[in-house]
Amino acid sequence: MRRILVATILAIGFVAVAYVMRGARASSSAQSGPPGDDKTPVIRFVKNPEPAPPLPDRDISGAVVSKANWNGKVVLVNFWATWCPPCREEIPEMIALQSRYKDQLQIVGISEDDDPAANVKRFAQQRGINYPIVMATQEVVAAYGGVPALPTTFVIDTQGRVVQKHAGLHPMETYVREIRALLGQPIDARVETFEDTGQLFLKNAVNATELPGVNLAGLTPAQKKAALHRLNAESCTCGCTLTLSQCRVNDTECPISGDLAAKVVKEVVGGSKAPHARPARPGDSPKI
């Protein structure tokens, strides 16, 4: 009878251990994401990230804003405005993220308001914003490569490099996965990398071999090279002061850059020479 009881206890013990091990494997699989599973979420970071451009050295409260304090932290540089409805909708999520990750995350709001800083400060206090806010300048907007929409958030890794940009509203889960990945914490997603061809910084549109809404199919390698050269050299006339390539990346709905780009491709295929035009200059301000 005693042997039967011992055997029963051992059998129950083996079943329990097997159950725990199975659960552990399932948990590990959920953290890393099964390779090749089409249902696994994907987050994307740029291959060769560039250092984050500097910000104004004082926030709207007069406190010092220093990149030196970002060391070891993930940083979200969030362009927004008090008059922007999607920005207002996003604010509670940003507050929650800052509270959740505390010393591991630093959010910095860049206000594009035309109102005085005092008005923005009052708005921030009313909303309970728990991260610093600085006022945008043309230099800051240009340094970050153009802000196509509000809100726009630049994701900066723990080494101070820009690894991703999100224009418009994005689910909080997206930021949580990116923050955890950059902090080296387990995630339920697969990480992929990409080359910046203007998605982050418009100046890198010069590296693009394809452009939104520009049909380069059927061109010979020489024709494609010539077309891309012109698209990177000639200015859009919509008032953005960007090159045609930059405008196609920055504003895929712009009908003017779309038509001009199509004309360039047609002329290259037909053997026409490029008309004389002033190229966009590095100091020109991007369209926002």
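Predicted model only: the values in this text are computed from it and were never measured.

Trainee: What exactly am I supposed to notice about the environment of Val163 here?
Mentor: As for its position among the elements, Val163 is in strand E7 (residues 161-167). Considering only alpha carbons, one finds Val163 and Lys47, 116 residues apart in sequence, at a separation of 8.0 Å. Excluding residues within four positions of it along the chain, Val163 makes contact with Arg44, Phe45, Val46, Pro49, Val155, Asp157, Leu182, Phe194 and Leu200.

Trainee: How should the state of the cysteines be read in this particular structure?
Mentor: Should the sulfur atoms of two cysteines be covalently bonded, the bond is a disulfide. Considering all chains together, one arrives at one disulfide under this definition. Disulfide partner of Cys84: Cys87, at an S-S distance of 2.5 Å. Disulfide Cys84-Cys87: torsion about the S-S bond near 75 degrees, hence right-handed. This pair shows no difference in class: Cys84 is buried, exactly as Cys87 is. Residue Cys240 stays outside any disulfide, its sulfur separated by 3.5 Å from that of Cys238, the closest cysteine. This cysteine, Cys247, is not joined by any disulfide, and Cys254 carries the nearest cysteine sulfur, 3.8 Å off.

Trainee: Looking at this structure, how should I read the packing of aromatic side chains?
Mentor: Counted according to the given criterion, the structure contains five aromatic pairs. Taken together, a centroid distance of 6.4 Å and an interplanar angle of 25 degrees make the contact between Phe154 and Phe201 stacked. Of this pair, Phe154 sits in strand E6 (residues 152-156) while Phe201 sits in the loop between strand E8 (190-194) and helix H6 (221-233), and the two are 47 residues apart along the sequence. Each member of the pair, Phe154 as well as Phe201, carries the same accessibility label: buried. Through a chain of ring-to-ring contacts, the aromatic side chains of Phe79, Tyr144, Phe154 and Phe201 assemble into a single cluster.

Trainee: Before we go on, may I ask you to explain the packing of H6 against helix H8 (residues 255-270) in this structure?
Mentor: The description of two helices packed together rests on the angle between their axes and the distance between the axes. For the pair H6 and H8, the least separation of the axes is 9 Å and the interaxial angle reads 140 degrees. Along this stretch, H6 crosses H8, giving a crossing that reads as right-handed. Packed against H6, whose contacting residues are Gln223, Ala226, Ala227, Arg230 and Leu231, the element H8 presents Ala261, Val264, Glu267, Val268 and Val269 at the interface.

Trainee: Would you mind showing me how to read the confidence of the model for the protein chain here?
Mentor: In low-pLDDT regions, the fine details of the predicted coordinates are not to be read closely. Averaged over all residues, the pLDDT of the protein chain equals 84, while 81% of them reach at least 70. A low-confidence stretch, residues 1-34 (pLDDT under 50), is modelled with 12 contacts involving residues beyond four sequence positions or located in other chains.

Calculation criteria
- Residues numbered from 1 in each chain as written.
- Predicted model: local features only at pLDDT ≥ 70, side-chain atom pairs only at ≥ 80, totals over all residues.
- Heavy atoms only, no water.
- Helix = DSSP H or I, 4+ residues; strand = E, 2+ residues; numbered from the N terminus.
- Contact = heavy atoms within 4.5 Å.
- Disulfide = S-S within 2.5 Å.
- Buried < 20%, exposed > 50% of the residue type's maximum accessible area, 1.4 Å probe, protein only.
- Phe/Tyr/Trp six-rings, centres within 6.5 Å; stacked < 30°, edge-to-face > 60°.
- Axes fitted to C-alpha atoms, helices over the stretch in contact; angles between N-to-C directions.
- Left-handed = near helix turned anticlockwise from the far one by under 90°.
- pLDDT = per-residue confidence, 0-100.

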